[in-house]
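# Commentary on secondary and tertiary structure
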Amino acid sequence: GFVLSGHGTERDYLRSNVPLGATVTINESNNTFSVTTTLNSFYTNVETTLNSAIEDALTSIEQLYDVDADTINALIDSAQTALAELKTLKEEIEANTDWSDAERMSHLMEFNSLQLEVENTAYLIIAASMESSPVQGRAVWHRPTEHSLAEIRASLETYKECGFNLIFVEAFYGGMSLFKSDYMPYHSDFASDSFGDYPDYLTAFAAIANEVGIEVHAWVEDFYVGLNPDAGIAADHADWLLYNDDGTIYQRNEGGAYVFLDPANEEVQDLLIDFYNELLDEVPYISGLNLDYIRYPVSSREEDTGYTLAAMTGFAETLGVTLDTSSREAAADDFSRLFNSDYTLTADENYDAWVDYRTQIITNFVERIKDEVKGTHEGLILSTAVFPSLTESINTKMQDWQTWFSNGWIDVATPMAYYTDSADVLTHVSDMILMAGNNCYYYAGLASSYSGLPAYENANQIDAALLGGSHGYVIFCSTQVLGHEDVQEVLKSGINAADAVLPHASVAEVLEAYFDCILDRAERIYIPAGGMTQEQYTALETRFEEILAMDVSTSEGINEVLLAIGELANDYRDYATGYSARRLSGTLSEVESMIDRKLSRFMIDNGEWD
């Protein structure tokens, strides 16, 4: 250990530049400080972290996971070299007692930097040890910032290089559209931009994404219209705004002064549905609609919202109560008495019923979108961003996603698992899937970088979501990927190392992707390792060809495919031995589970499922 003393501005400098793990003690009476640390404990901790990462990585290689051994070994060499330098520096600092204070501090800062380098490389080794699946949703919520075709292309090419296969591009936010609509004003941030032969931002983005080979869904913020009621669609429809119980329009529990449209207003719902249909009709290469803010603002009984004429009179009618509708304010005055006096129910029962009423408004609107938008656009993928906690979603946001998913209205759920701990991601994603059922795909929404976590936490949280049963992930948001080479490197090194087909693609595409991957791994890994013979490879290839030739145009046909894959999964030992057999069995089980889910979706989409 060591003690270093200083005065004045040196003390302030050390407060912000103290070595990792050190303790600063300040004596205010004489304006001095001391910094104490034990370098050996820091060295031991980082050594343990690195050795654990190396052990797990080498185990993955030994057990024939499809990881890039050359990349992993290069990272191991780099980390071990840096660790050796760290040890030498530690011993040098411990041995020298005649350095000046400035010299000692300089070496401690060097120690700190080198320690972080070793730790970061250890986490890159962990990320590179994660196997890349051939069927997986790899998405990002993209916030438009590009103002030219060249900028759009650059963003999309970066996404492609990073292995993304799906982008939810913000198409309606701040109450404005990203394409030139007859129903919504075009976004003012892009009004003066030119996109060549394309009339607007969204049309250009979707077209270039199609060229690059990335699927695009329109991300729409349904009832949220920004922070300014004098901009966008809200400027022309002040009577559509959502009011709080205190008569204000700015929401109090959303992290900002957000403004919402009234979900109970049928004119609002009609306009949104007309707008979504127009978007899908007019903008080529949009394959899906991602519903965000399809809820009420966060509220509670103490700070409630939804006090519009449409909602209040509608709910009062369910209780047999007539309100004074001469003005919104008069109706609100009458309405508030429901929660402090006795009508047909107690005040508490009235409030619970009021929550249920607003929740049903949102549920009915989701069903309308399913019928009137998805139902009129063949092949449209409908997804929605929701909060993983069902109780919280219903009680504070009037959002009953369990009903939507269990009824099969939604193709892809994108639960916003915005947690700082990977264990919480796993728990909440798995709990949600358990409650929501087998009737949709799950692409977990993650925000590790947005939350300020290191780049490698992207890989950890993706892995946690997949372990929880998710079929992919969505990163919030593009600003945490574009321009962040450390995040890009983490994704490319492991999880996104190989291309993937989207789980919601056709049955044939999904099967072909899985089978091609298995045969490729057999040639590169299993056969060279002695876990599969050429004869076994040929026999397996024949079984795959037989399954691919089966009819998947009906639910009966898909079910026959499912049974065939089940038989193949049971017979995996006929095709491989040892770790090769384990890897084959694991992948075939994944195929079986995916086709089972696709059978459910096929039956739902074709009206065969009750």
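We now turn to the structure provided with this report. (Residues numbered from 1 in each chain as written. Predicted model: local features only at pLDDT ≥ 70, side-chain atom pairs only at ≥ 80, totals over all residues. Heavy atoms only, no water.)

## Points about the overall build of the protein chain
In terms of helices and strands, the protein chain carries 20 helices and 12 strands. With the C-alpha coordinates aligned to their principal axes, the bounding extent of the protein chain is approximately 85 × 85 × 55 Å. Considering the protein chain as a whole, with its 610 residues, one finds that 54% of them fall into the buried category. Considering only contacts within the protein chain whose residues lie at least 6 apart along the sequence, 74% involve residues at least 24 apart. In the form shown here, the protein chain has an accessible surface area of approximately 25300 Å², with 46% of it arising from carbon and sulfur atoms. Of the charged side chains in the protein chain, 30 are positive and 101 negative; the average position of the first set lies 3 Å away from that of the second. (Helix = DSSP H or I, 4+ residues; strand = E, 2+ residues; numbered from the N terminus. Buried < 20%, exposed > 50% of the residue type's maximum accessible area, 1.4 Å probe, protein only. Contact = heavy atoms within 4.5 Å. Areas by Shrake-Rupley, 256 points an atom, 1.4 Å probe, with all protein chains shown as cover. Lys, Arg positive; Asp, Glu negative; His and termini not counted. Charge placed at Lys NZ, Arg CZ, Asp CG, Glu CD.)

## As for the nonpolar core
In terms of nonpolar packing, the biggest core is built from 117 residues, with Ile369, Trp404 and Phe405 touching the most fellow members. Once residues lying within four places of it in the same chain are set aside, the contact partners of Phe405 are Thr384, Val386, Ile410, Ala413, Met432, Ala436, Asn439 and Cys440. Met416, Ala505, Ile518 and Leu519 belong to the second largest nonpolar core, which has 53 residues in total. (Core = buried A, V, L, I, M, F, W, Y, C linked by side-chain atoms within 4.5 Å.)

## Quick word on the environment of Ile565
Mapping Ile565 onto the fold places it in helix H19 (residues 555-570). Residue classification places Ile565 among the buried positions, given a relative accessible area of 0%. Not counting chain neighbours up to four residues away, the residues in contact with Ile565 comprise Leu511, Ile547, Leu588, Val591, Glu592 and Ile595.

## With respect to the side chain of Thr158
Of note, Thr158 is situated in helix H5 (residues 149-161). Sequence-distant contacts of Thr158, defined by excluding residues within four places in its chain, comprise Leu482 and Gln488.

## Concerning the pattern of salt bridges
One pass over the structure, following the stated rule, counts 24 salt bridges. The closest approach of N and O atoms between Arg521 and Asp66, which form a salt bridge, is 3.2 Å. Of the two residues, Arg521 sits in helix H17 (residues 507-526) while Asp66 sits in the loop between helix H2 (39-62) and helix H3 (69-95), which places them 455 residues apart along the sequence. Note on accessibility: Arg521 and Asp66 belong to one class, buried. The salt bridge involving Lys90 is made with Glu94; its shortest N-O contact spans 3.3 Å. Linking Lys90 with Glu94, this pair stays in helix H3, spanning 4 residues, or about one helical turn. (Salt bridge = Lys/Arg side-chain N within 4 Å of Asp/Glu carboxyl O.)

## Quick notes on a negative patch on the surface
A cluster of like negative charges, contributed by Glu85, Glu92, Glu110 and Glu117, occupies part of the molecular surface. Listing elements by their share of the negative patch, those giving two or more residues are H3 and helix H4 (101-128). By the secondary structure assignment, Glu85 is in helix H3. Accessibility expressed as a relative area gives 44% for Glu85, which makes it partly exposed. (Patch = residues over 30% accessible without salt bridge, like charges linked within 9 Å, V, L, I, M, F, W, Y side chains within 5 Å.)

## Describing the layout of surface pockets
When its volume is computed, the largest pocket comes out at roughly 890 Å³. Taken together, 31 residues make up the lining of the largest pocket; nearest its centre are Glu131, Asp463, Leu466, Leu467 and Glu590. Those elements that provide at least two residues to the lining of the largest pocket are H2, helix H15 (457-467), H17 and helix H20 (578-605). Sort the elements by how many residues they give to the lining of the largest pocket and H20 lands first, with 7 residues. Its residues assigned to classes, the lining of the largest pocket shows 13 nonpolar, 11 polar and 7 charged. (1 Å grid on protein atoms, 1.4 Å probe; cavity = no way out; pocket = protein on both sides within 12 Å on 5 of 7 lines; lining within 4 Å. Points joined across faces, edges and corners; volume = space filled by probe spheres on them. Nonpolar A, V, L, I, M, F, W, Y, C, P; charged D, E, K, R; others polar.)

## As for helix H14 (residues 422-436)
For H14, spanning 15 residues, the distance from its first C-alpha to its last is 21 Å, which sits close to the expected 21 Å at 1.5 Å a residue. Taken as a whole, H14 has its buried residues at Ser422, Val425, Val429, Met432, Ile433 and Ala436. The arc enclosing the buried residues of H14, seen along the axis, measures out at 100 degrees, which places them on a common side. Along its buried surface, H14 packs onto strand E9 (381-386), helix H13 (401-406), strand E10 (412-415), strand E11 (441-446) and H15. A distance of 2.8 Å separates the backbone nitrogen of Ala423 from a side-chain oxygen at the start of H14, and that oxygen is part of Asp421. Downstream of H14 by a residue or two, Gly437 has a phi angle that is positive, lying close to 95 degrees. (Expected span 1.5 Å × (residues − 1). Arc of directions from axis to C-beta. Polar contact = N/O pair within 3.5 Å; in protein donor to acceptor, adjacent residues only side chain to side chain.)

## What about the packing of aromatic side chains?
Taken as a whole and assessed by the stated rule, the structure comprises 31 aromatic pairs. Measuring from centroid to centroid gives 4.8 Å for Phe335 and Trp354, while their planes differ by 70 degrees, and the two rings are edge-to-face. Of this pair, Phe335 sits in helix H10 (residues 328-336) while Trp354 sits in helix H11 (residues 347-372), and the two are 19 residues apart along the sequence. Sitting above the plane of the Tyr186 ring, Lys180 keeps its charged end 5.6 Å from the centroid. The side chain of Lys397 reaches across the aromatic face of Phe387, ending 4.1 Å from its centre. (Phe/Tyr/Trp six-rings, centres within 6.5 Å; stacked < 30°, edge-to-face > 60°. Lys NZ or Arg CZ within 6 Å of the ring centre and 35° of its normal.)

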